[in-house]
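Geometric and topological summary
Each chain is listed here by its residues.
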Amino acid sequence: ARNRSFVKVPVFLEREIIAHPLVCPSPEDHVIQYNLACSLSMNGHVQEGISALSRAVELGYDDFAHIEADSDLDALRDLSGFQELLRRHGISDL
């Protein structure tokens, strides 16, 4: 019998892996880019998170109420890029 070791990958890291361009067959999907933004934010990669979130919006992600409420994006909220992204889309009550 072979000894098999499995490492449980946290959900947020799993999303980052799945959304990686080398793994994901559809990097132009706005939901995949949004999930990547969440994962990057949760892992402290805030500039990359802003870039992925901006890309998600460019690709058609338009649930700004969810963006405002999603705790996965908390690390991005105080960044000017996050605030500017919301302002460009008519959300200014931060």
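Presented here is a report on the structure given in the accompanying data block. (Residues numbered from 1 in each chain as written. Predicted model: local features only at pLDDT ≥ 70, side-chain atom pairs only at ≥ 80, totals over all residues. Heavy atoms only, no water.)

Brief notes about the environment of Asp63
- Structurally, Asp63 is set in the loop between helix H3 (46-58) and helix H4 (64-69).
- A relative accessible area of 37% means that Asp63 is categorised as partly exposed. (Helix = DSSP H or I, 4+ residues; strand = E, 2+ residues; numbered from the N terminus. Buried < 20%, exposed > 50% of the residue type's maximum accessible area, 1.4 Å probe, protein only.)

Some remarks on the nonpolar core
- Ranked by size, the top nonpolar core spans 19 residues in total, and within it Tyr34, Leu53, Ile67, Leu73 and Phe82 carry the most contacts.
- The set of elements that each furnish at least two residues to this core consists of helix H2 (30-42), H3, H4 and helix H5 (80-88).
- Setting aside anything within four residues of it in sequence, one finds Phe82 in contact with Ile50, Leu53, Ile67, Leu73, Leu76 and Arg77. (Core = buried A, V, L, I, M, F, W, Y, C linked by side-chain atoms within 4.5 Å. Contact = heavy atoms within 4.5 Å.)

Considering the packing of H3 against H5
- Direction vectors running N to C along H3 and H5 enclose 15°, while the axes themselves pass 10 Å from each other. As far as their axial angle goes, H5 and H3 are roughly parallel. Viewed along their axes, H3 and H5 form a crossing whose handedness is left-handed. Each of Ile50, Leu53, Ser54 and Val57 in H3 lies in contact with H5, whose residues at this interface are Gly81, Phe82, Leu85 and Arg88.
- Here the contact of H3 with H5 is built from residues that sort into five nonpolar, two polar and one charged. (Axes fitted to C-alpha atoms, helices over the stretch in contact; angles between N-to-C directions. Parallel < 35°, antiparallel > 145°, perpendicular 65-115°, else oblique. Left-handed = near helix turned anticlockwise from the far one by under 90°. Nonpolar A, V, L, I, M, F, W, Y, C, P; charged D, E, K, R; others polar.)

Side note on the environment of Arg77
- Looking at where Arg77 falls in the secondary structure, it is placed in the loop between H4 and H5.
- A distance of 3.2 Å separates a polar side-chain atom of Arg77 from the backbone oxygen of Glu68. (Polar contact = N/O pair within 3.5 Å; in protein donor to acceptor, adjacent residues only side chain to side chain.)

Focus on the pattern of salt bridges
- For the structure shown, the criterion picks out four salt bridges.
- Put simply, Arg77 and Asp74 hold a salt bridge, and the shortest N to O gap is 2.9 Å.
- By relative accessible area, Arg77 is classed as buried at 18%. (Salt bridge = Lys/Arg side-chain N within 4 Å of Asp/Glu carboxyl O.)

Considerations on H2
- In this model H2 runs 18 Å from its N-terminal to its C-terminal C-alpha over 13 residues, within 8% of the 18 Å that 1.5 Å per residue would give.
- Along H2, the residues classified as buried are Gln33, Tyr34, Leu36, Ala37, Cys38, Ser39, Leu40 and Ser41.
- Backbone nitrogen of Val31 and a side-chain oxygen of the N-cap are separated by 2.7 Å at the start of H2; the cap is Asp29.
- Positive backbone phi, at 85°, marks Gly44, one or two positions downstream of H2. (Expected span 1.5 Å × (residues − 1).)

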